[in-house]
Amino acid sequence: MKSIDIVIVGGGPAGLAAAVAARKAGCDSILILERDGELGGILNQCIHNGFGLHTFKEELTGPEYAGRFIDQAMELNIDYKLNTMVMDISRDKVVTAMNRTDGMFQIQAKAVILAMGCRERPRGALNIPGYRPAGIFSAGTAQRLVNIEGYMPGREVVILGSGDIGLIMARRMTLEGAKVKVVAELMPYSGGLKRNIVQCLDDYGIPLKLSHTVVDIEGKEHITAVTIAEVGPDRKPIPGTEERYTCDTLLLSCGLIPENELSQSAGVEMSRITSGPVVNESLETNIPGVFACGNVLHVHDLVDYVSEEAARAGQNAVKYVKGELGTVSDSTKGRINLVATDGVRYTVPSTIDPDRMEENLTVRFRVGDVYKDSYVSVYFGDERVQHRKRQILAPGEMEQIIVKKQDLLARPDMDTITIKIEKD
């Protein structure tokens, strides 16, 4: 069995950034395992701009952004295997994978970085009534068909869900000559970035109907029409509010789910809120030497944040391999729990060991509703240490705070940090 210091599962933006950071931190033995036929992940089909403003201080398309990291990986001679499916990761970090060239093979890794990304929530999880006609696609599938395969899914389009991919595809289909009739969103707020609502819907006169869902699909062989209706606070359709739209295409953009079947089978502790691993300040899971980053950890809104987080995972994996990271104590002594409450849904990381953290630690989180003229408050124990006013907080936009190591070391008896939304 071959032994490699760091095995990275996934060659998308997270895996590439982790690999580049690990190499720059002094690790020579790195292998990326990617199931697709090329590096770059989902960015290869995201031909719109808006990437790289934080990382490269310029606006790039998805393929251009991925290309920057692929070029770095090539210059640093980082090994990778394409068309390779990872089948299993054991608790002692034996990675089992297969491809056409090598067949089934195993690698003993000293550290593993999980960077598998996320997938779209399928129609089966949405409980939409009607037959199963042709013409119903996830927004990401439609994006691949249009941008990579060169096929148009249809000409009259209804979109269910206002996630970022759905919003971007509303604009993309319009630019390709299709008529996007409406975007219906079950929740009373959009799941996408505000800038995408403006640039992809408002600029093209596409209506967004909040608190609406699809209640009927017409057509047996191919979709011919959909009916949407308003929903009440209980998310159930309100009789008498139905609107019928003729269409030949229905795109579903109803959320993303981290790809964590491998993580679960390896015994990684999972968060029921993010559907991703529970990690500490080093982005390390409950299995020592197994790290997670990017959309497999929690769904990000900006790829720049994915790259930044993945770089930390890569650097910490190198420290672990070199024995410089320090062991996680079995006891809870010295470990601080992050508590998300009063509007904050979760935090990444979930725990902090001040002795192992960097000088400044970025804690990212999302809120569970739309809040206007509210404060993001941070409590060290019972002491409020941050109280930042925000005009608007929305679930579609990721938030963050910075925690300083010196502040935590100055409070050796503190065991909780609470992040909440307050009105005053």
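Calculation rules
Residues numbered from 1 in each chain as written. Predicted model: local features only at pLDDT ≥ 70, side-chain atom pairs only at ≥ 80, totals over all residues. Heavy atoms only, no water. Pairing = 2+ DSSP bridges. Helix = DSSP H or I, 4+ residues; strand = E, 2+ residues; numbered from the N terminus. Axes fitted to C-alpha atoms, helices over the stretch in contact; angles between N-to-C directions. Contact = heavy atoms within 4.5 Å. Phe/Tyr/Trp six-rings, centres within 6.5 Å; stacked < 30°, edge-to-face > 60°. Buried < 20%, exposed > 50% of the residue type's maximum accessible area, 1.4 Å probe, protein only. 1 Å grid on protein atoms, 1.4 Å probe; cavity = no way out; pocket = protein on both sides within 12 Å on 5 of 7 lines; lining within 4 Å. Points joined across faces, edges and corners; volume = space filled by probe spheres on them. Nonpolar A, V, L, I, M, F, W, Y, C, P; charged D, E, K, R; others polar. Expected span 1.5 Å × (residues − 1). Core = buried A, V, L, I, M, F, W, Y, C linked by side-chain atoms within 4.5 Å. Salt bridge = Lys/Arg side-chain N within 4 Å of Asp/Glu carboxyl O.

**Some words on the sheet that holds strand β19 (residues 344-348)**
Right, so step 1: With antiparallel pairing, three strands are arranged side by side in an open sheet as β19-β21-β24. Two strands bound the open sheet, and with one partner strand each, they are β19 and β24 (399-404). The sheet shows a mean angle of 30° between the axes of neighbouring strands, direction not considered.
Right, so step 2: Bridge count between β19 and strand β21 (residues 360-367): four bridges; the pairing is antiparallel. Looking at β21, one finds that Val344 is bridged to Val367.
Right, so step 3: Each of β19, β21 and β24 is contacted by helix α7 (residues 303-321), which is oriented at about 135° to β21, the strand it contacts most.

**A word on the packing of aromatic side chains**
Right, so step 1: A full pass over the atoms with the stated rule returns four aromatic pairs.
Right, so step 2: Between Phe291 and Tyr320 the ring centres are 6.2 Å apart and the planes differ by 75°, which places this aromatic pair in the edge-to-face class. Here Phe291, found in strand β17 (residues 290-292), pairs with Tyr320, found in helix α7; they are 29 residues apart in sequence, far enough to count as distant.
Right, so step 3: The class for Phe291 is buried, based on a relative accessible area of 0%.
Right, so step 4: On the accessibility criterion, Tyr320 (25% relative accessible area) is partly exposed.
Right, so step 5: Clustering of aromatic rings is evident, with ring pairs tying together Phe56, Tyr65 and Phe69.

**Regarding empty space enclosed by the protein**
Right, so step 1: By the definition in use, this model includes two cavities of 30 Å³ or more.
Right, so step 2: For the largest cavity, the calculated volume is near 50 Å³.
Right, so step 3: Considered as a void within the structure, the second largest cavity measures approximately 30 Å³ in volume.
Right, so step 4: Looking at the second largest cavity, the residues that line it are Leu283, Glu309, Arg312, Val348, Pro349, Thr362 and Arg364.
Right, so step 5: Within the residue set of the lining of the second largest cavity, elements represented by two or more residues are α7 and β21.
Right, so step 6: Looking at the lining of the second largest cavity, its residues break down into three nonpolar, one polar and three charged.

**Describing the sheet that holds strand β8 (residues 136-138)**
Right, so step 1: Strand order in the open sheet formed by five strands is β8-β15-β9-β10-β11, with parallel pairing between adjacent strands. Single-partner strands in this sheet number two, and they are β8 and β11 (208-210). For this sheet, the mean angle separating the axes of adjacent strands, direction not counted, is 20°.
Right, so step 2: Relative to β11, strand β10 (residues 179-185) runs parallel, the two being bridged by three bridges. Paired with Ala184 across the two strands is Lys209, which belongs to β11.
Right, so step 3: Strands β8 and β15 (249-252) of the sheet are contacted by helix α3 (residues 139-149), whose axis makes an angle of about 90° with β8.

**Observations regarding α7**
Right, so step 1: If you check α7, its first and last C-alpha atoms are 27 Å apart, about what 19 residues at 1.5 Å a residue would give, namely 27 Å.
Right, so step 2: Among the 19 residues of α7, 14 are classified as buried, and the element is accordingly described as predominantly covered.
Right, so step 3: Downstream of α7 by one or two residues, Gly323 has phi in the positive range, about 75°.

**Here we look at the pairing of strand β13 (residues 225-230)**
Right, so step 1: Of all the six residues making up β13, five are buried; the element is thus mostly covered by neighbouring parts of the structure.
Right, so step 2: In this sheet, β13 lies alongside strand β12 (residues 212-218) in antiparallel orientation, the contact comprising six bridges. Bridge assignment links Glu218 to a residue of β13, and that residue is Ala225.
Right, so step 3: Adjacent in sequence and paired antiparallel, β12 and β13 are bridged by six residues, among which Gly219 carries a positive phi angle near 110°.
Right, so step 4: Pairing analysis gives four bridges linking β13 to strand β14 (residues 243-246), with the strands arranged antiparallel. If you follow Thr227 over to β14, its bridge partner there is Arg244.

**Some details on the nonpolar core**
Right, so step 1: Ile6, Ile8, Val86, Ile89, Val112, Ile113 and Leu114 are the most contacted members of the largest nonpolar core, which totals 63 residues.
Right, so step 2: Beyond its immediate sequence surroundings of up to four residues, Val86 is in contact with Val9, Leu33, Val95, Thr96, Ala97 and Leu262.
Right, so step 3: In this structure, Met357, Phe380, Leu393 and Ile417 belong to the second largest nonpolar core, which totals 20 residues.

**Looking at the pattern of salt bridges**
Right, so step 1: The tally for this structure, following the rule as stated, stands at 19 salt bridges.
Right, so step 2: Arg364 is the partner of Glu308 in a salt bridge, and the nearest nitrogen-oxygen pair spans 3.0 Å. With Glu308 in helix α7 and Arg364 in strand β21, the pair connects residues that are 56 residues apart, well separated along the chain.
Right, so step 3: Relative accessible area serves as the criterion here: at 36%, Glu308 is assigned to the partly exposed category.
Right, so step 4: Glu358 is the partner of Lys319 in a salt bridge, and the nearest nitrogen-oxygen pair spans 3.0 Å. Of this pair, Lys319 sits in helix α7 while Glu358 sits in the loop between β20 (351-352) and β21, placing them 39 residues apart in sequence.
Right, so step 5: Ionic contacts of the salt-bridge type, sharing partners, join the residues Arg35, Arg119, Glu259 and Glu261 into one network.

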